[in-house]
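Take a look at the letters that make up each chain.
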Amino acid sequence: MSVPTTAGSLDIATLHASYGSGARSPATLIAQLYTLMDSEQRPGIWITRVPLADVLASAAALGEVSPARLADKPLFGVPFAVKDNVDVAGLPTTAACPAFAYVPTQSSPAVEALLAAGAICLGKLNLDQFATGLVGSRSPYGACENVFDPDYLSGGSSSGSGVSVAAHYVSFSLGTDTAGSGRVPAALNNIVGLKPSVGLFSNQGMVPACASLDCLSVFSTSVADAVVVRNVITSRRAPSVPRPVSFRFAVPAPLEFYGDEQSKVVFEAAVARLVALGGEPVPVDFTPFAALGDMLYGPFVVERLLGVGAFIEAHQDLVLPVTRDIILGGKKFSASDAFAAVQRVEQLRALCLAELSEVDIMLTPTVPTHFRRSEDAADPRAVNDKLGVYTRFVNFMGCPVLSVPQEFRVDGLPYGISLLALPGQDSKLDALGALLHEQSGAGMGRQRYPLPRSADPQIRPPAAEARVAVVGAHMRGLALNQQLLDVRARYVTTLRTAPQYKLYVLANSKPERPGLVRTPGAGRAIEIELWDMSWHALGELMAKVPPPLAIGTLETEDGERVKGFVCESYAVEGAKDISDLGGYRAHLAAK
């Protein structure tokens, strides 16, 4: 079956570039998206969609695009949607239960912040009823389908939130997360799921599941976009935390994939990537983490009962049986049970936080495996429990988590891994998460669009890393290449400079070194290699560069400006000009 046409990548950088160039406007984009959604008729995503005329009016109200406007409104013309247990003024909030519906007069603080930043709300999204479930199939509005194979679960409870982004109907969406609802749909649909530290986002205007553990979450196609949304919601820009040259990361032991070798292989590849980036894996006993997660469906169900139990008790025939039975099951627990559970949670939480204090981050699968919808229908409780093995302990600890796509499995299904940090260290995950996503080659969403190079530079190379051009003995296989390998630099590609440079062999240099000098109007295009390394590593390298060489800025043949080896002009007087050969390797071959 051919892949349906989309409106193109909806990442923020691409949208703003198209707006700025005049290629399209927010209004034309919205019209394209509504035509696309109407033609595809994907089931189970929307509960309430804002009428097209009203959305076009919101787009028109933004005014004309300009650099100043984009700077003032970082989400100018960016379409988004909201899980239907979070209030948007004037739209019904149903929590996927029609009898529960009410129409709020005020949006949640998060939604208000997004609208003020120029985002355009397209409507309210489906969910597992009362945010109870991780499967995406427990809704009277229908089950969401996985965008890669409708036979498989989409994940929940933020099912519509995940699928709407993965299908490229919106740029980002808001979900909620109690046991993993803001991460599981991301992992199963090749998108990013950002779950902040508990308490970072206001929960006002949210129908509670477990009020002490709930938090809003963000779904997007890239880490860069998720961070932009996080910064808008919090009204502050967290300081960038560059990727460390060396770090320690926890890996659960033992790991459970329920016999799924494909998922195991992908996760092991993610571990290898972190090792190549300077990480040291540290196996940690997962027993207390698993025990902590298991507490969520013991006496803590009483908190779900407090949130919506009175309504369910009075309308039992209007609530899905699986949802009703889980929530009303809280009635069997006593006050003694509840206090014993709180005490046990604190004990386990202390053990888990102590484990994490010994490492920089934790790496886990987001989900152990994919499940078919038929498996969920046959045994919904068991499938739900297995999906949450690596997610449901997190909110008890208050930790931030970033779920990012990794390479696709052999069967064509996506897979995601999660990075977890201590509470309050949200931005610590950004650079590593963006880099893991980029290196996986998974792309973004259903269409697997390439990640934009123009995404937020503070969380993607070159902020976390420097891109450095080498022209001589530091190239692969040559005498000084080991200096790059020693600082964990990674080869990117071979290309040429802009035709504005000359290359000379410096006299009396051992080993022989070339010198690159910019000579506008008289230069040539010279072969170079691009390498990525941390800024700290670049500092180490610069200390080893002897005069007359230095690290300056070079222009590549495609107009990119990168750091690179240059030479002071005085040193090439009388030196041999090898520019016409086109590069140092050609010079060596000629010798």
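Preceding block: the structure.
Residues numbered from 1 in each chain as written. Predicted model: local features only at pLDDT ≥ 70, side-chain atom pairs only at ≥ 80, totals over all residues. Heavy atoms only, no water.

(A) Geometry of the environment of E313. Relative to the helices and strands, E313 resides in helix α11 (residues 301-314). Sequence separation between E313 and R324 is eleven residues, and the spatial gap between their C-alpha atoms is 8.5 Å. Polar side-chain contacts of E313 include one of 2.9 Å to the side chain of K331. (Helix = DSSP H or I, 4+ residues; strand = E, 2+ residues; numbered from the N terminus. Polar contact = N/O pair within 3.5 Å; in protein donor to acceptor, adjacent residues only side chain to side chain.)

(B) Quick look at the nonpolar core. Grouped together as the largest cluster of nonpolar side chains are 95 residues, with contacts concentrated most on W46, L75, L114, L122, L274 and L419. Residue contributions to this core peak at seven residues, all from helix α8 (residues 223-234). Apart from the residues within four sequence positions on either side, W46 is in contact with M37, A81, L122, G123, K124, L125, Y169 and V170. (Core = buried A, V, L, I, M, F, W, Y, C linked by side-chain atoms within 4.5 Å. Buried < 20%, exposed > 50% of the residue type's maximum accessible area, 1.4 Å probe, protein only. Contact = heavy atoms within 4.5 Å.)

(C) A look at the sheet that holds strand β14 (residues 501-505). Spatial strand order, β15-β14-β19: three strands in an open sheet with antiparallel pairing. The strands lining the two open edges of the sheet, one partner per strand, are β15 (514-518) and β19 (576-577). (Pairing = 2+ DSSP bridges.)

(D) Examining the pattern of salt bridges more closely. Taken as a whole, this structure holds 22 salt bridges when the rule is applied. Of the charged contacts, one joins E557 and R496 as a salt bridge, the two residues approaching to 3.4 Å between their closest N and O atoms. One end of the pair, E557, is in the loop between β17 (549-555) and β18 (561-567); the other, R496, is in strand β13 (residues 490-496), and 61 residues separate them in sequence. For E557, a relative accessible area of 43% translates into the label partly exposed. A residue is classified by how much of its surface remains accessible, and R496, at 43% relative accessible area, is partly exposed. Within the structure, one salt-bridge network assembled from shared partners comprises E40, R42 and R446. (Salt bridge = Lys/Arg side-chain N within 4 Å of Asp/Glu carboxyl O.)

(E) Quick peek at the packing of helix α10 (residues 287-294) against helix α13 (residues 335-356). Look at α10 against α13: their axes get within 9 Å of each other, and the N-to-C directions meet at 140°. Like other packed secondary-structure pairs, α10 and α13 cross with a definite hand, here left-handed. Taking contact as the criterion, the partners of P288, F289, A291 and L292 in α10 are, on α13, V345, L348, R349, L351, C352, E355 and L356. Here the residues of the contact of α10 with α13 sort into nine nonpolar, no polar and two charged. (Axes fitted to C-alpha atoms, helices over the stretch in contact; angles between N-to-C directions. Left-handed = near helix turned anticlockwise from the far one by under 90°. Nonpolar A, V, L, I, M, F, W, Y, C, P; charged D, E, K, R; others polar.)

(F) Examining the state of the cysteines more closely. Per the counting criterion, the structure on display carries zero disulfides. Free cysteine C144: the closest other cysteine sulfur is in C121, separated by 16 Å. Cysteine C210 is unpaired, with the sulfur of C215 as its nearest cysteine sulfur at 12 Å. Residue C210 is classed as buried on the basis of its relative accessible area, which comes to 0%. (Disulfide = S-S within 2.5 Å.)

(G) Representation of the packing of aromatic side chains. In total, this model carries 15 aromatic pairs according to the counting rule given. With a centroid separation of 6.2 Å and 80° between ring planes, the pair formed by Y19 and F76 is classed as edge-to-face. You can see Y19 sitting in helix α1 (residues 12-21) and its partner F76 sitting in the loop between α4 (67-72) and β2 (79-83), a full 57 residues away along the chain. Both residues of the pair, Y19 and F76, belong to the buried class. Between F286 and Y390, the ring centres sit 5.4 Å apart and the planes meet at 45°, which makes this aromatic pair tilted. On the criterion of sequence distance, the pair formed by F286 in the loop between β8 (279-285) and α10 and Y390 in the loop between α15 (380-387) and α16 (394-397) is long-range, its members being 104 residues apart. F286 gets classed as buried once you look at its relative accessible area, which sits at 6%. Among the aromatic residues, those joined into a ring-pair cluster are F100, Y102, F130 and F311. (Phe/Tyr/Trp six-rings, centres within 6.5 Å; stacked < 30°, edge-to-face > 60°.)

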